[in-house]
Amino acid sequence: MIIGEGLERKKQSDKIVRVALAGNPNVGKSTLFNLLTKGHQHTGNWPGKTVVNAVGQFKARGVEFELVDLPGTYSLMASSPEEESARDFLCFDKCDVAVVVCDATCLERNLNLALQISQLCSRVIVCVNLMDEAEKKGIDINIKALGEQLGLPTVGISAGKRRGIGRLIDMLVNFKELSYFPIKIKYKSEIELAVSSIEKEIGHITKGMLPKRWTALKLLEGNEKLTKKCDEYLGKALSTNPKVTRVVNEKRQELVNLGIDINKLQDYIVASLVLTAEEICNKDVIKHRPTANYQRDLRLDKILTGKFVGPLVMILLLALVMWITVVGANVPSQLLWEGFSFLEKQLISLANFISLPTVISNLLIKGVYRVVAWVVSVMLPPMAIFFPLFTLLEDLGYLPRIAFNLDGAFKKCSACGKQALTMCMGLGCNAVGVTGSRIIDSKRERLLSILTNSFVPCNGRFPTLIALSTVFFVFEGAILGNLTAAFIVTIIIVLGVFVTMAVSVFLSKTFLKGESSAFVLEMPPFRRPRVGSVIVRSLLDRTIFVLGRAVSVAAPAGLVIWLMANIKIDGVTVLSLLSEFLDPLGKIMGLDGTILLGFVLGFPANEIVLPIIIMAYMGNGVLTDYSSLEQLKNILISNGWELKTAISMIIFTAFHWPCSTTLLTVKKETKSLKWTALAFILPTLTGMVLCIGWNLLCSLLNLSL
Amino acid sequence: MTLNSLMPGQKGIIKKINTSGELRRRLLDMGLIKGTEVSCLFKSFCGDPKAYRVRGTVIALRNNDSALIDIMG
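Residues numbered from 1 in each chain as written. Chains lettered and ligands numbered in written order. Predicted model: local features only at pLDDT ≥ 70, side-chain atom pairs only at ≥ 80, totals over all residues. Heavy atoms only, no water.

1. A word on the overall build of chain A
Along the backbone of chain A there are 28 helices and 11 strands. A globule of 705 residues ought to have a C-alpha radius of gyration of about 27 Å, and chain A, at 29 Å, matches this closely. If you line up chain A on its principal axes, its C-alpha atoms span 90 × 60 × 55 Å. Each charge class in chain A was averaged separately, 74 positive and 58 negative side chains, and the resulting centres sit 2 Å apart. (Helix = DSSP H or I, 4+ residues; strand = E, 2+ residues; numbered from the N terminus. Rg over C-alpha atoms; globule rule 2.2 N^0.38 Å. Lys, Arg positive; Asp, Glu negative; His and termini not counted. Charge placed at Lys NZ, Arg CZ, Asp CG, Glu CD.)

What follows is the structure, given as structure tokens:
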């Protein structure tokens, strides 16, 4: 559920305690959320992971809770959509208690947000997470002293190790009995005077529905968008109340007369917050042990971003991940396919036993069942290996380093370095990459990232790429074969990165004119990945989710394809009619009509492109067992494939229209048909141009590969 | 002297931030206010962006952005 897009404004019942979970990005909010709700929201070690908010329920000590995970934000002042939605929720959707999660390894900066929220909400619990990481780094935090300084209930936890969760739950259960006397932020005396005068005027309007002091400050700042929302919330005029307006204008003028730039009011406010946080931390709250150092992280960072080693490590890690995926997937794929074939025989006997009409049993078993079986056996193993590996890198904190390394290049393309993060997400699933583009603040750069995301081949396209490269590039030996396949997929991904950059340059000069905007990227500390939970989480959340979607698309597709291959017009099947129609275009691109038809019919999911092509080649609309790659090669070669055809197909697999899910996500994110159309056209044109170019090159050089 | 001129290993104290709008607010949120100590840690392999330690956190800034921040060496 997305905040601001229809989160139930009212609690389901008054008995349920509504808890808002706030905090900076990447402080383990989502881990805590999962722990409390036993849900499976995915978390990653890089800023801005929670772009879609989760709401979960849990029961503890007989009390029912509703937990709302707010987007991670550094403050509630800036105008990014995430900060606005977090602020509005805390402000207007009355939660009973707000929990601010802080990172113990950089507590001071985190307190900035905690202080802001303490001025806004009446009940705030400060929850310092990652106490274990801080301890490892030699940072001691005195939770009791911190709580006294803040004047708020405070608890230290290590969500990853499940330490301190009981104490947090105790606090939540007894939230009404705790004492909340938040530290008062002292602003410049001139501002203090102005605020207290405004406070006096608005008390009878806010009537405890909004905190007086906070509202007065916002009125003084002149944040119109926010004060209008306050009017709506209160159900009466606040910002437009003549008396209030008069006082506010008077006080603003007074401040100007005193030499305070009214436009810099926020600077003063932020400075007071930052200095208060600093003061709190200096009062025996944080102690750096003599052994405290950041040297280990720094050394690692220097290597990972080094001049030659940096890019080398990136490529080698990518190749290694692909290699493990290829090697590991072989045997399980084979086994799954054999298992499905065995089951199919049983199904056929069952169909005979209950004397199902042949047409129907063929339709269901040879159409629907086989395509689903194919998708599962070909897709599941690589996904079940790729996703955990990728999640490990994510947990470790390596992805922001990729963004850091590539930012120079992205800047030259007038794009944002964070696009490297969305491209990484795209490797898993392009639709996720498109949604993830929300982490990019600038609207123009976000669009660049959305429109170019499908230039990175997603997991659904890996099996095709792997199968084709194994069949056509490997001559002997399993080890060499796996290496080659991994190498080719790596090259395709690297090529995808270059094409992304080229297209970004093109877009920045045409449809999305503009320069690269400012870039502030937090580089979170490296964390030791929790291997066990990574595997469980990535398998449960990602693999099952993506697989489920693929299967739900593959089943009806299997039905349609079987029908097309079995319905004949003048003795010719619909499938062959269509492929003949597409043949001229296919030939120009170095493919043929059937391949192109496979891509067209594979629009709902990239995974089914290759099976469709094989079904069409076999002419009987039935997916035959191609468990042996030798057999696949024979089928393809007997249909006129050469090495150059395989290369064209690999190119077009990497660069063609995004799948329907991705396009729908683009539509949802951009709310514009124009951009959705462009997201379709760009990769399609690129793929066609590259294929035609490659085909021309082959005929010019008279290559017969 | 501006922040971008710091090389890895060097430190400075923030004097003034010469930009307004979005970037200014982001920098303030990260705790980069007047008087804050900033140390340059390492740079990307093309020299831009650079990573800095500010109040216990590591953040990356592009050189043309950090050039807008005056510091005392």
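Continuing now.
2. Observations concerning the overall build of chain B
Scanning chain B for helices and strands turns up two helices and five strands. Sequence-ordered secondary structure for chain B, helices as α and strands as β, is β-α-β-β-β-α-β. Against the globule reference of 11 Å for 73 residues, chain B gives a C-alpha radius of gyration of 11 Å, in line with a compact fold. Principal axes of the C-alpha set define a box for chain B whose edges measure 30 × 25 × 20 Å. Within chain B, the fraction of its 73 residues that count as buried is 58%. Residue pairs in contact within chain B that sit at least 24 positions apart in sequence constitute 57% of those at least 6 positions apart. (Buried < 20%, exposed > 50% of the residue type's maximum accessible area, 1.4 Å probe, protein only. Contact = heavy atoms within 4.5 Å.)

3. Re the packing of helix H23 (residues 593–601) of chain A against helix H26 (residues 643–654) of chain A
Residues and elements named next belong to chain A. Where H23 meets H26, the closest approach of the two axes is 12 Å, and the angle between their N-to-C directions is 20°. Here H26 runs roughly parallel to H23, going by the angle between their axes. As for the relative orientation of H23 and H26, their crossing is right-handed in sense. Of the residues in H26, those in contact with Ile595, Leu596 and Phe599 of H23 are Thr645, Met649, Phe652 and Thr653. Looking at the contact of H23 with H26 residue by residue, the class counts come to five nonpolar, two polar and no charged. (Axes fitted to C-alpha atoms, helices over the stretch in contact; angles between N-to-C directions. Parallel < 35°, antiparallel > 145°, perpendicular 65-115°, else oblique. Left-handed = near helix turned anticlockwise from the far one by under 90°. Nonpolar A, V, L, I, M, F, W, Y, C, P; charged D, E, K, R; others polar.)

4. Notes on the domain arrangement of chain A
Residue and element names in this part refer to chain A. For chain A, the assigned domains are domain 1 (17–173), domain 2 (189–259) and domain 3 (309–513 + 532–700). With nine residues of domain 1 at the interface, the matching set in domain 2 holds 12 residues. Buried area between domain 1 and domain 2, summed over both chains or domains, comes out near 900 Å², and the portion from carbon and sulfur atoms is 57%. A per-residue breakdown of the area domain 1 buries against domain 2 is headed by Arg87, Phe92 and Leu120, which together make up 48% of the total. Where domain 1 touches domain 2, the interface holds three salt bridges. Note that lysine 225 and glutamate 84 form a salt bridge whose closest N and O atoms lie 3.0 Å from each other. Inspection of the domain 1/domain 2 interface yields two residue pairs in polar contact (both at pLDDT 80 or more). Broken down by secondary-structure element, the contributors of at least two residues to the side of domain 1 that touches domain 2 are helix H2 (81–92) and helix H3 (107–120). (Domains from an automatic or database assignment. Buried area = accessible area lost by both parts, 1.4 Å probe. Salt bridge = Lys/Arg side-chain N within 4 Å of Asp/Glu carboxyl O. Polar contact = N/O pair within 3.5 Å; in protein donor to acceptor, adjacent residues only side chain to side chain.)

5. Side note on a nonpolar patch on the surface
Residue and element names in this part refer to chain A. Together, Leu350, Phe353, Ile354, Leu356, Val359, Ile360 and Leu364 make up an exposed nonpolar region whose accessible area comes to about 680 Å². When contributions to the nonpolar patch are tallied by element, the ones reaching two or more residues are helix H13 (309–353) and helix H14 (358–396). For isoleucine 354, the location among the structural elements is in the loop between H13 and H14. (Patch = residues over 30% accessible without salt bridge, like charges linked within 9 Å, V, L, I, M, F, W, Y side chains within 5 Å. Areas by Shrake-Rupley, 256 points an atom, 1.4 Å probe, with all protein chains shown as cover.)

6. Thoughts on helix H1 (residues 22–29) of chain B
All names here are of chain B. With six of its eight residues buried, H1 lies for the most part within the structure. Within H1 the residues assigned to the buried category are Leu23, Arg24, Arg26, Leu27, Leu28 and Asp29. Once H1 finishes, glycine 31 follows within two positions and takes phi at roughly 90°, a positive value.

7. Description of the interface of chain B and chain A
At the junction of the two partners, chain B supplies 32 residues and chain A supplies 47 residues. Both faces combined, the contact of chain B with chain A buries some 3,400 Å², and carbon together with sulfur accounts for 58% of it. The tally of links between chain B and chain A comes to seven salt bridges. With a shortest N-O distance of 3.3 Å, arginine 26 of chain B and glutamate 83 of chain A are connected by a salt bridge. Taken together, the links from chain B to chain A amount to 18 residue pairs in polar contact (both at pLDDT 80 or more).

8. Remarks on the environment of aspartate 132 of chain A
All names here are of chain A. By secondary structure assignment, the location of aspartate 132 is in helix H4 (residues 131–136). Its relative accessible area of 11% is what places aspartate 132 among the buried residues. For aspartate 132, the contacting residues outside a window of four places in its chain are Ser158, Lys161 and Arg163.

9. Describing unusual backbone geometry
With an omega dihedral of 0°, the bond running from aspartate 48 of chain B to proline 49 of chain B counts as a cis peptide bond. With respect to the secondary-structure elements, proline 49 of chain B resides in the loop between strand S2 (37–43) and strand S3 (50–54). Phi is positive for aspartate 284 of chain A, which is not a glycine, with a value near 60°. For aspartate 284 of chain A, the location among the structural elements is in the loop between helix H11 (265–282) and strand S8 (286–288). Its identity is not glycine, yet serine 414 of chain A carries a phi of approximately 60°, on the positive side.

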